Amino acid sequence: PYAPFISSHLFERELLLMRKLTVTETFRYLTAERQAVYAPSLRLQGKWLAQMGFTAGCQVQIEGQHGEMTIRVIQGGEQA
């Protein structure tokens, strides 16, 4: 479940939602030597995405660095 909390430094008491997920491995392909190749995977799904503005069909921009990732909705080809 998500943990809602109010951040005092945001405008208009914007509700923030926090999710804790587990990074799993997803099968990608078999090599010529029949060795399985896996890749790290995150699965994001649920009504909480819509509550955060991520509705079906919207495009997103993902930025990141070691140990951190930011996902933003893109509107009209521009970053929201």
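Basis of the calculations
Residues numbered from 1 in each chain as written. Predicted model: local features only at pLDDT ≥ 70, side-chain atom pairs only at ≥ 80, totals over all residues. Heavy atoms only, no water. Phe/Tyr/Trp six-rings, centres within 6.5 Å; stacked < 30°, edge-to-face > 60°. Helix = DSSP H or I, 4+ residues; strand = E, 2+ residues; numbered from the N terminus. Patch = residues over 30% accessible without salt bridge, like charges linked within 9 Å, V, L, I, M, F, W, Y side chains within 5 Å. Areas by Shrake-Rupley, 256 points an atom, 1.4 Å probe, with all protein chains shown as cover. Salt bridge = Lys/Arg side-chain N within 4 Å of Asp/Glu carboxyl O. Pairing = 2+ DSSP bridges. Buried < 20%, exposed > 50% of the residue type's maximum accessible area, 1.4 Å probe, protein only.

Caption draft 1: Geometry of the packing of aromatic side chains. Summed over the entire model, instances satisfying the criterion amount to one aromatic pair. Summarising the aromatic geometry, the rings of Phe 27 and Tyr 38 are spaced 5.9 Å apart at their centres and angled 75° between planes, so their arrangement reads as edge-to-face. Of this pair, Phe 27 sits in strand β3 (residues 24–30) while Tyr 38 sits in strand β4 (residues 36–41), and the two are 11 residues apart along the sequence.

Caption draft 2: Region of interest: a nonpolar patch on the surface. A cluster of nonpolar side chains, Leu 21, Val 23, Leu 42, Leu 44, Val 60, Ile 62, Met 69 and Ile 71, forms an exposed patch at the surface whose accessible area comes to about 680 Å². Only β5 (59–65) and β6 (68–75) provide two or more residues apiece to the nonpolar patch. Turning to its location among the elements, Ile 62 is positioned in strand β5.

Caption draft 3: Fine view of the pairing of β6. Pairing between β5 and β6: seven bridges, direction antiparallel. By the bridge assignment, Val 60 is partnered in β6 with Val 73. Remark: two residues form the turn of the hairpin made by β5 and β6, two consecutive strands paired antiparallel; Gly 67 in that turn has positive phi of roughly 80°.

Caption draft 4: How the structure looks around the pattern of salt bridges. Applying the stated criterion to the full structure yields one salt bridge. Across the pair Glu 63 and Arg 72 runs a salt bridge, and its minimum N-O distance is 3.3 Å. The partly exposed category is assigned to Glu 63, whose relative accessible area is 37%. Owing to a relative accessible area of 31%, Arg 72 belongs among the partly exposed residues under this scheme.

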